[in-house]
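Overview (structure and organization)
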Amino acid sequence: STAVGSGGFDASFGTVALTQRLTTPATYPSGDWRSVSLSRTGQYQTAVVIGGNIWTSSDYGVTWTSRATAANRNSVSLSSTGQYQTAVVSGGNIWTSTDYGVTWTSRATSLIWLSVSLSSTGQYQTAVVDGGNIWTSSDYGISWSERPTGSVRGWRSVSISSTGQYQTAVVF
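One structure accompanies this document, and this report is about it. Given the structure is predicted, the values throughout are model-derived calculations rather than measurements.

Moving on: the overall build of the protein. Helices and strands together make up the secondary structure of the protein, namely zero helices and 12 strands. Listing the helices and strands of the protein from first to last along the sequence gives β-β-β-β-β-β-β-β-β-β-β-β. The buried share of the protein, taken over its 172 residues, is 41%. Once local pairs closer than 6 in sequence are excluded, the contacts in the protein between residues at least 24 apart make up 33%. Of the roughly 8,400 Å² that the protein leaves accessible, carbon and sulfur atoms contribute 51%.

Written as structure tokens, this is what we have:
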């Protein structure tokens with residue numbers, strides 16, 4: 001269904017995108033969507049599906065392309081330009097892209113990753129594990145370091161500031 005939002009924007013609910021378009025095209029992929037993230041301008045958009053592929057758009061959400069292989073991805077986050085992107089897999093690895101989501105590389109170890117967040121440049125990244133710890137990267141997601149928190153927790157979500165200096169994570 002489509003609902004009209006403020007400022008002349010139309011919000012398409014139950015689809016992959018929240019766009020400025022008046023209708024919801026039949027070309028949107030379907031699935032159990034878990035997360036979506038946009039670049040600062042909205043030109044680059046990436047969404048993840050449980051048991052499905054990573055989907056990317058480089059035209060403000062008008063068309064979508066399937067990327068990477070099927071997995072239980074829980075979260076995705078983009079840098080402000082959209083060049084750097086990271087997605088996390090529950091029971092799998094962290095996946096990163098340095099080319100606006102066109103190609104993806106598997107990183108880190110297989111854990112129950114639930115959430116990821118990137119600084120505006122993409123240099124600083126933080127991901128959380130259910131029944132584990134917080135993990136950080138300062139090299140655009142290439143390498144990851146575990147940050148013990150004193151006890152294992154059921155981390156649910158994480159968000160970091162545009163500089164990466166401030167970070168907050170929440171538990172179940």
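On we go from here.
In this fold, Asn133 is placed in the loop between strand E8 (125-132) and strand E9 (134-137). Exposure remark for Asn133: the relative accessible area of 11% places this residue in the buried category. Within the structure, Asn133 has its side chain in polar contact with the backbone nitrogen of Thr149 (distance 3.2 Å).

This part is about the pattern of salt bridges. In the structure shown here, the tally under the stated rule is one salt bridge. Residue Asp32 is joined to Arg34 by a salt bridge in which the shortest nitrogen-to-oxygen separation is 3.1 Å.

Here we take up the environment of Ser157. Looking at the element boundaries, Ser157 is found in strand E11 (residues 153-160). Remark: the alpha-carbon pair of Ser157 and Ser117, spanning 40 residues in sequence, is separated by 8.8 Å. Discounting residues that sit within four places of it in the chain, Ser157 has contacts with Ser115, Val128, Thr168, Ala169 and Val170.

Let us now look at the packing of aromatic side chains. The geometry of an aromatic ring pair is captured by the separation of the ring centres together with the interplanar angle, meaning the angle of the planes. Inspection of the entire model under this criterion finds three aromatic pairs. Between Trp113 and Trp135 the ring centres are 5.5 Å apart and the planes differ by 75°, which places this aromatic pair in the edge-to-face class. With Trp113 in strand E7 (residues 105-118) and Trp135 in strand E9, this pair connects stretches of sequence that are 22 residues apart. The exposure class of Trp113 is buried, given its relative accessible area of 0%. Above the plane of the ring of Trp95 lies Arg73, whose end atom (NZ or CZ) is 5.4 Å from the centre.

How each quantity is defined
Residues numbered from 1 in each chain as written. Predicted model: local features only at pLDDT ≥ 70, side-chain atom pairs only at ≥ 80, totals over all residues. Heavy atoms only, no water. Helix = DSSP H or I, 4+ residues; strand = E, 2+ residues; numbered from the N terminus. Buried < 20%, exposed > 50% of the residue type's maximum accessible area, 1.4 Å probe, protein only. Contact = heavy atoms within 4.5 Å. Areas by Shrake-Rupley, 256 points an atom, 1.4 Å probe, with all protein chains shown as cover. Polar contact = N/O pair within 3.5 Å; in protein donor to acceptor, adjacent residues only side chain to side chain. Salt bridge = Lys/Arg side-chain N within 4 Å of Asp/Glu carboxyl O. Phe/Tyr/Trp six-rings, centres within 6.5 Å; stacked < 30°, edge-to-face > 60°. Lys NZ or Arg CZ within 6 Å of the ring centre and 35° of its normal.

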